[in-house]
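Chain residues, written in single-letter form:
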Amino acid sequence: MDIKIFKDLNEIGRAAADIMVSHISSHGKTVLGLATGASPLSTYKNLIKDYENGKVSFKSVISFNLDEYCSIPASDKNSYNTFMHRELFDHIDIPEENIHIPDGNPEDPSAFCAQYDEMIKNAGGIDIQLLGIGNNGHIGFNEPSDTFKKGTFIVNLSESTVQANMIYFNSPEEMPRRAVTMGIGSIMQAKEIILLAGGKAKAQAVRDMLKGDITPLCPASILREHPNAHIFLDRNAASLI
Ligand code: GLP
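Keep in mind the model is a prediction, meaning the values are calculated, not measured.

Conventions used here
- Residues numbered from 1 in each chain as written.
- Predicted model: local features only at pLDDT ≥ 70, side-chain atom pairs only at ≥ 80, totals over all residues.
- Heavy atoms only, no water.
- Near = heavy atom within 4 Å.
- Polar contact = N/O pair within 3.5 Å; in protein donor to acceptor, adjacent residues only side chain to side chain.
- Areas by Shrake-Rupley, 256 points an atom, 1.4 Å probe, with all protein chains shown as cover.
- Nonpolar A, V, L, I, M, F, W, Y, C, P; charged D, E, K, R; others polar.
- Helix = DSSP H or I, 4+ residues; strand = E, 2+ residues; numbered from the N terminus.
- Expected span 1.5 Å × (residues − 1).
- Buried < 20%, exposed > 50% of the residue type's maximum accessible area, 1.4 Å probe, protein only.
- Arc of directions from axis to C-beta.
- Pairing = 2+ DSSP bridges.
- Axes fitted to C-alpha atoms, helices over the stretch in contact; angles between N-to-C directions.
- Parallel < 35°, antiparallel > 145°, perpendicular 65-115°, else oblique.
- Left-handed = near helix turned anticlockwise from the far one by under 90°.
- Contact = heavy atoms within 4.5 Å.
- Disulfide = S-S within 2.5 Å.

### As for the site of the ligand
Taken together, the neighbourhood of the ligand is formed by G37, A38, S39, D67, Y80, G132, I133, H138, G140, F141, N165 and K202. A distance of 2.7 Å separates an oxygen atom of the ligand from a polar backbone atom of A38. Within the side chain of N165, a nitrogen or oxygen atom sits 3.3 Å from an oxygen atom of the ligand. When the free accessible area of the ligand is taken as 390 Å², the share hidden by the protein chains comes to 91%. The class makeup of the residues in the shell around the ligand is four nonpolar, six polar and two charged.

Below, the structure is given as structure tokens:
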């Protein structure tokens, strides 16, 4: 594992964007696995800056997002679809047809989940997967549980996740209690992974990920078995390791 400690999330964002831009520049076609939340925001800002400065084009990039809320429409201001367009896609030249974000309200959930995994496979698999980490050690929306899930699935959100993400909603009732997420198996198949974590609230989860048992009770701990994972932390997130 490549564990690096940075001053803050801005520095982390630059380093993560550099890895992505250098892959896109040298390979052309690149499949990116993308994440939402506060942690990747500075990565997206740096990707947009590099695009505006002519350093990179996203025309041959294909993206797959990790997760999406159920029970709100894709057009909702709090959907991950809206987040991704607002924070990244609307500002770069990625073709709309190359963007994949899970459908939070599929008619046939198990068919949809199988199809999402199939689409990732057909695109050649994910080259670089960006991840944040939840306060409880979740990645994507893989909540602490007694098994590591393989493929994309529908999950009941844990109380800790509901509490952490509620701040974005007008009222607690509006916060969805279910989500669709890539499974741990899908995430682990990515050729390269970059996990970003900043702030004291992440310190215990980071410690459990790096120093605790490898267990589905801390889903991020499985990343220790990945052959090419970068863990980029700020000083606060790294304060307990
Ligand atoms: C959400 C997302 C995760 C994200 C996590 C941490 O639950 N589903 O993919 O990593 O929040 O978010 P933040 O970066 O805002 O702390």
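### Quick word on helix 4 (residues 109–122)
Helix length check: helix 4 (14 residues) gives 20 Å between terminal C-alpha atoms against 20 Å at 1.5 Å per residue, within 8%. Here helix 4 has its buried residues at F112, C113, Y116 and I120. When helix 4 is viewed along its axis, its buried side chains cluster within an angular range of 100° and face the same direction. Facing away from the buried side of helix 4 by over 90 degrees, the exposed positions are S110, K121 and N122.

### Section: the sheet that holds strand 2 (residues 30–34)
Across the sheet, which stays open at both edges, the seven strands sit in the order 1-10-9-6-2-3-5 with parallel pairing between neighbours. At either margin of the open sheet sits one strand with a lone partner, and together these are strand 1 (2–6) and strand 5 (99–100). For strand 2 and strand 6 (residues 128–131), the ladder comprises two bridges, and the chain directions are parallel. From the neighbouring strand, G33 faces strand 6, where its bridge partner is Q129.

### Thoughts on unusual backbone geometry
Not every positive phi belongs to a glycine, and S71 is a case in point at roughly 70°. Take S71: it is sitting in the loop between strand 4 (67–69) and helix 3 (80–87).

### Description of the environment of K49
Locating K49 in the fold gives a position in helix 2 (residues 41–52). Residue classification places K49 among the partly exposed positions, given a relative accessible area of 44%. When the C-alpha atoms of K49 and I92 are compared, they prove to be 9.4 Å apart, with 43 residues separating the residues in sequence.

### So, the packing of helix 1 (residues 9–27) against helix 2
At a closest axis distance of 7 Å, the pairing of helix 1 and helix 2 adopts a crossing angle of 50°. By the criterion of interaxial angle, the relationship of helix 1 to helix 2 is oblique. As for the relative orientation of helix 1 and helix 2, their crossing is right-handed in sense. Of the residues in helix 2, those in contact with L9, N10, G13, R14, A16, A17, M20 and V21 of helix 1 are S42, T43, N46, L47, K49 and D50. When grouped by side-chain class, the residues that make up the contact of helix 1 with helix 2 number six nonpolar, five polar and three charged.

### With respect to the side chain of S42
Residue position: S42 is located in helix 2. Excluding anything up to four places from it in sequence, S42 contacts L9, N10 and G13.

### Here we look at the state of the cysteines
Per the stated rule, a full pass over the model turns up zero disulfides. Of all cysteine sulfurs in the structure, the one in C113 sits closest to C70, which takes part in no disulfide; the separation is 8.5 Å. Residue C70 is classed as buried on the basis of its relative accessible area, which comes to 7%.

Limitation: the analysis is restricted to geometry and does not speak to function.
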